[in-house]
Amino acid sequence: MNGSRIALVTGANQGLGRALAEGLAARMHPDDLVLLTGRNHQRVSKAAREVGLLPGTRARVEGRVLDVTDSDSVAALADELRARHGGVDVVISNAVARLLPEESQAERADEFIDVSNTATHTILRAFGPILRPGGRLLVVASSLGTLGHLDPRLHQLFDGVSLDQVEYAVESWRSAIHHRTAQEAGWPVWLNVPSKVAQVAAVRAVAAERRARDLAAGSLIASVCPGMVDTATSRPWFSDYSQAQTPAQAAEAVLDLVFTEHVDPALYGELIRDGKALDWHDGTPPVEQDRMVTP
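Draft legend 1. Spotlight on the packing of helix α3 (residues 71-85) against helix α4 (residues 109-127). Interhelical geometry of α3 versus α4 gives an angle of 25° and a closest axis separation of 9 Å. Comparing their axes, α4 and α3 come out roughly parallel. Relative to α4, α3 is oriented so that their crossing is right-handed. Across from Ser71, Val74, Ala75, Leu77, Ala78 and Leu81 in α3, the residues of α4 making contact are Thr122, Ile123, Ala126 and Phe127. For the contact of α3 with α4, a count of residues per class yields 8 nonpolar, 2 polar and no charged.

Draft legend 2. Region of the structure containing the pattern of salt bridges. Summed over all chains, the structure comprises 19 salt bridges. Across the salt bridge formed by Arg27 and Glu252, the nearest N and O atoms sit 2.7 Å from each other. Of this pair, Arg27 sits in helix α1 (residues 15-27) while Glu252 sits in helix α8 (residues 247-259), and the two are 225 residues apart along the sequence. The exposure class assigned to Arg27 is partly exposed, which follows from its relative accessible area of 27%. Arg204 is the partner of Glu270 in a salt bridge, and the nearest nitrogen-oxygen pair spans 3.0 Å. With Glu270 in the loop between α8 and β7 (271-273) and Arg204 in helix α7 (residues 192-217), the pair connects residues that are 66 residues apart, well separated along the chain. By relative accessible area, which is 25% here, Arg204 ends up partly exposed.

Draft legend 3. Expanded view of the nonpolar core. In terms of nonpolar packing, the biggest core is built from 95 residues, with Leu24, Val34, Ile92, Phe127 and Phe158 touching the most fellow members. Among the elements that make up this core, the one with the highest residue count is α7 (10 residues). If near-sequence neighbours (up to four positions away) are discounted, Leu24 is found in contact with Ala7, Val9, Val34, Val90, Ile92, Leu255, Val258 and Phe259.

Draft legend 4. Structural context of the pairing of strand β6 (residues 220-225). Of all 6 residues in β6, 6 are buried, a share of seventy percent or more. On β6, burial covers both faces: Leu220, Ala222 and Val224 on one face and Ile221, Ser223 and Cys225 on the other are all buried. Direction of pairing for strand β5 (residues 131-140) relative to β6: parallel, over a ladder of 5 bridges. Directly across from Val140, in β6, lies its bridge partner Val224. Looking at chain direction, β6 and β7 are connected through 3 bridges and run parallel. When the sheet's bridge partners are listed, Val224 is paired in β7 with Ile272.

Draft legend 5. Fine view of the packing of α4 against α7. Running from N to C, α4 and α7 point in directions that differ by 0°, and their axes come no closer than 10 Å. Taken as axis vectors, α4 and α7 run roughly parallel relative to one another. Side by side, α4 and α7 meet where Phe112, Ser116, Asn117, Thr120, His121 and Leu124 of the first sit next to Asn192, Ser195, Ala198, Gln199, Ala202, Val203 and Val206 of the second. Considering only residue class, the contact of α4 with α7 consists of 6 nonpolar, 7 polar and no charged.

Draft legend 6. Expanded view of the sheet that holds β5. Taken in spatial order, the 8 strands line up as β3-β2-β1-β4-β5-β6-β7-β8 in an open sheet, and their pairing is mixed. Bordering the open sheet on either side are β3 (60-65) and β8 (276-277), each of which pairs with just one other strand. Across 2 bridges, β7 lies against β8 in antiparallel orientation. From the neighbouring strand, Arg273 faces β8, where its bridge partner is Lys276.

Draft legend 7. Spotlight on helix α5 (residues 163-178). Helix length check: α5 (16 residues) gives 23 Å between terminal C-alpha atoms against 22 Å at 1.5 Å per residue, within 8%. Among the residues of α5, Leu163, Val166, Ala169, Val170, Trp173, Arg174, Ala176 and Ile177 are the ones counted as buried. End-on, the buried residues of α5 take up no more than an arc of 165°, which puts them together on one face. Within α5, the exposed residues directed more than 90 degrees away from the buried face are Asp164 and Tyr168. Looking at the buried residues of α5, the elements they touch are α4, α6 (182-185) and α7. Of the residues flanking the end of α5, it is Arg180, one or two places downstream, whose phi is positive at about 60°.

Draft legend 8. Representation of the pairing of strand β4 (residues 88-93) within the structure. Across the 6 residues that make up β4, a large majority, 6, are buried. Where strand β1 (residues 6-9) and β4 come together, 3 bridges link them in parallel fashion. Within β4, the position partnered with Val9 by the bridge is Ile92. With 5 bridges joining them, β4 and β5 adopt parallel strand pairing. What sits directly across from Val88, in β5, is Leu131. In terms of handedness, the path from β4 via α4 over to β5 forms a crossover that is right-handed.

The rules behind these values
Residues numbered from 1 in each chain as written. Predicted model: local features only at pLDDT ≥ 70, side-chain atom pairs only at ≥ 80, totals over all residues. Heavy atoms only, no water. Axes fitted to C-alpha atoms, helices over the stretch in contact; angles between N-to-C directions. Helix = DSSP H or I, 4+ residues; strand = E, 2+ residues; numbered from the N terminus. Parallel < 35°, antiparallel > 145°, perpendicular 65-115°, else oblique. Left-handed = near helix turned anticlockwise from the far one by under 90°. Contact = heavy atoms within 4.5 Å. Nonpolar A, V, L, I, M, F, W, Y, C, P; charged D, E, K, R; others polar. Salt bridge = Lys/Arg side-chain N within 4 Å of Asp/Glu carboxyl O. Buried < 20%, exposed > 50% of the residue type's maximum accessible area, 1.4 Å probe, protein only. Core = buried A, V, L, I, M, F, W, Y, C linked by side-chain atoms within 4.5 Å. Pairing = 2+ DSSP bridges. Expected span 1.5 Å × (residues − 1). Arc of directions from axis to C-beta. Right-handed = clockwise from strand over helix to strand, strands pointing away.

Listed below in structure tokens is the structure:
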């Protein structure tokens, strides 16, 4: 990537998102710009100010309020970056809705789906077209995002489909939750499983359409699994954190994908963990009583 670069991280005022913004700001150049985004003005401003003052920070850091569930706001930011900078070089979609074990999955479904899935679709549609040659568009998902974690009856909804079809499947799932027919149709109670599969499927759908030209341009679109990370979002779901990474540690593998000089075709469009592509068809449907948000 030549000249000044523009990087955007959603859900970046705390946890993994903030660590990703910090890492970008440390590895990029003084003429580059990192946009640290989140929904709360006060938290975003504070985080951007603190990241900008870190000893290792080199790039400029700006805080921007962005509600990823507001498709008009996302599109407006993409239009602004196209007009002002000619596009964007790095987009990391990291926003997530915090969910506690004691909360009703069904009652929180709309917010969870809006933040994790509808927003992913919007970001792919808004920022994919303005990704500059050599750019990176990464969606933070998890190892639960492989197809095998869903009931086989649902595989056809996400395998080899378009982004529009993924969106339709997600809305069908949402409707089934509201009509209390989801379990009968094979959907798991725990939202994280179909949500992550749908995120990865959405990335795969967009990547399939762009693969040839992106690889020729040195660009990468992929979903990424950071592994188990000790954050306020994940901590309530685990009793043993002995293997958990700090947000800064988890960010390193994601940042390596951003700054690697050459794109490995085997990674393009895939779900990547520790620099390796996970098998899209791997996994088994979860046991509902496990109640885990597996990394």
